[in-house]
Amino acid sequence: MEEKLCPFCNRLTITEVCCHCGNRVSEGDTLSYAYRMMMCGVRLDNLEIIQEYAREYLNENPKNDVVKYYLFYAQGDPNRYDLILDTTPNLLHEVAIHIIHHTKAKKVGALERFLIRQKMDEEPYLKIIHTLFREDSYSNSERVKDEELFSSLAIPMVFSDEVRPIVYRRNAVIFGILAGVLFILTFLIGLFSFGLEVRYFGFVFIFIIPSYLLAVSTSFLLYKKVKFPFILIVGFIILLLTTYVVLLPESANFAKHCLRILTSGYDFIMYIQEGFII
């Protein structure tokens, strides 16, 4: 039978239901992508990646105990030792190896209680814990031998070189299209509605939202997530350039244009005050 690559755990399987993680191979979607990216973060021990994709996964499937464990780990939450995982033996084994590897000596008691509560044969893992944390006379040769045993218990996971950023591209396209539509609508509204006395600060105000939506789209393309410092700076630059083009020839001097952008709020207040005075 032909081997298939499971989109959930990225292992080869010859059955429609993956023999490693128990998921149906043909049902790979954004949920499986979030799980896969989270596991990439686990392999790299990148807490930021783990938190981002574990939260994204749990928003759609809050009952996955393994994802809850890795989210608690990334957050430094000690409640991970209180979890009782309802999952496959392979995934349970992998979590057991992970939690042993990332537990300090002062938490050994909680670690042992965690392993005992799971639906698994805990004796091999308790033996490893006893060897790693409890033996004072632990010779170097025995340590090397046990570390090799510990490594052999880990389940290797190989990820393909290309990870499709479906979610990021989708978000970038959505925000980009929304920004473009708003630019067109606000330009037409301003063109037919603003008089000369409000034209400058009026276009500045109505272009703020589409400028920052376009900055969000750019952030997704470049960084695959929202980066607020980048958005603040790029959004302001887009606002400067778009209003400069729209307000030509009034804004021919770029330096004066930048100054008028910064004083638009003041110009608006003065316009309102003059209206009340009149």
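Counting of residues starts from 1 at the beginning of each chain's written sequence and follows it residue by residue. Note on the predicted model: pLDDT of at least 70 is required for a residue's local features to be given, and 80 or more for side-chain atom pairs to be given and counted; whole-chain, interface and lining totals, by contrast, use all residues. Side-chain metrics in this entry use all non-hydrogen atoms of the structure; hydrogen atoms and water are not considered.

### A look at the confidence of the model for the protein chain
Atom-level detail of predicted coordinates should not be read off regions where pLDDT is low.
Here is step 1: Within a predicted model, pLDDT stands for the predictor's per-residue confidence, ranging from 0 to 100. Of all residues in the protein chain, 85% attain a pLDDT of 70 or more, and the chain-wide mean is 82.
Here is step 2: In this text, helices come from DSSP runs of H or I with a minimum length of four residues, and strands from runs of E with a minimum of two, each type numbered from the N-terminal end. Of all the helices and strands in the protein chain, helix α7 (residues 140–153) carries the lowest mean pLDDT, 64, while helix α3 (residues 65–75) carries the highest, 93.
Here is step 3: For the stretch residues 159–164, pLDDT sits under 50, and the model shows 11 contacts to residues farther than four places along the chain or on other chains. Note on definitions: a residue-residue contact is assigned when non-hydrogen atoms from the two residues lie within 4.5 Å.

### Here we look at the side chain of S264
Here is step 1: Relative to the assigned elements, S264 resides in helix α13 (residues 264–277).
Here is step 2: A distance of 3.1 Å separates the side chain of S264 from the backbone oxygen of I261, its partner in a polar contact.
Here is step 3: In contact with S264, other than residues within four places in its own chain, are F201, V204 and F205. For the purposes of these results, a polar contact is taken to be a pair of N or O atoms within 3.5 Å, where, inside protein, one atom must be able to donate a hydrogen and its partner to accept one; residues adjacent in sequence count only when each atom of the pair is a side-chain atom.

### So, the packing of helix α10 (residues 208–223) against helix α11 (residues 228–246)
Here is step 1: At a minimum axis separation of 8 Å, α10 and α11 run at an interaxial angle of 130°. One way to sum up the angle between α10 and α11 is to call them oblique. Taken as a pair, α10 and α11 cross one another with a handedness that is right-handed. Along the contact surface, α10 presents I208, S211, Y212, L214, A215, V216, T218, S219, L222 and Y223, while α11 presents F230, I231, L232, V234, G235, F236, I238, L239 and T242.
Here is step 2: For the contact of α10 with α11, the residue count by class is 14 nonpolar, 5 polar and no charged. What counts as an axis is a line fitted to C-alpha atoms, over the stretch in contact for a helix, and the angles between N-to-C directions run from 0 to 180 degrees. Each angle is binned into one of four classes, with values under 35 degrees roughly parallel, values over 145 roughly antiparallel, values of 65 to 115 roughly perpendicular, and all other values oblique. Crossing handedness follows the turn of the near helix against the far one: under a right angle anticlockwise gives a left-handed crossing, and clockwise gives a right-handed one. Lys, Arg, Asp and Glu make up the charged group, whereas Ala, Val, Leu, Ile, Met, Phe, Trp, Tyr, Cys and Pro make up the nonpolar group; the residues left over, Gly among them, are polar.

### Re the packing of helix α2 (residues 47–60) against α3
Here is step 1: Interhelical geometry of α2 versus α3 gives an angle of 140° and a closest axis separation of 9 Å. Pair α2 / α3 crosses with left-handed handedness. In this structure, α2 uses L47, I50, Q51, A54, R55, Y57 and L58 to contact α3, whose residues at the interface are V67, K68, Y70, L71, Y73, A74 and Q75.
Here is step 2: Of the residues contributing to the contact of α2 with α3, the split by class is 10 nonpolar, 2 polar and 2 charged.

### Quick word on the packing of aromatic side chains
Each pair of aromatic rings is reported with the distance of its centres and the angle of its planes.
Here is step 1: Each Phe, Tyr or Trp ring, with Trp reduced to its six-membered ring, pairs with another whose centre is within 6.5 Å; inter-plane angles below 30 degrees give stacked pairs, above 60 give edge-to-face pairs, and intermediate values give tilted ones. Under the counting rule described, the total for this entry stands at 14 aromatic pairs.
Here is step 2: Each ring, one from F183 and one from F207, has its centre 5.2 Å from the other, and the planes form 85°; the classification is edge-to-face. Separated by 24 residues along the polypeptide, F183 in helix α8 (residues 166–193) and F207 in the loop between α9 (199–206) and α10 bring together distant segments of the chain.
Here is step 3: The buried label applies to any residue whose accessible area, calculated with a 1.4 Å probe on protein chains only, is under 20% of its type's maximum; exposed applies above 50%, and partly exposed to all values in between. Looking at F183, the relative accessible area reads 13%, which means it is buried.
Here is step 4: Given a relative accessible area of 2%, F207 falls into the buried group.
Here is step 5: With 5.9 Å between their ring centres and 55° between their planes, F201 and Y271 make a pair best called tilted. Of this pair, F201 sits in helix α9 while Y271 is found in helix α13, placing the two residues 70 residues apart along the sequence.
Here is step 6: Residue classification places F201 among the buried residues on the basis of a relative accessible area of 8%.

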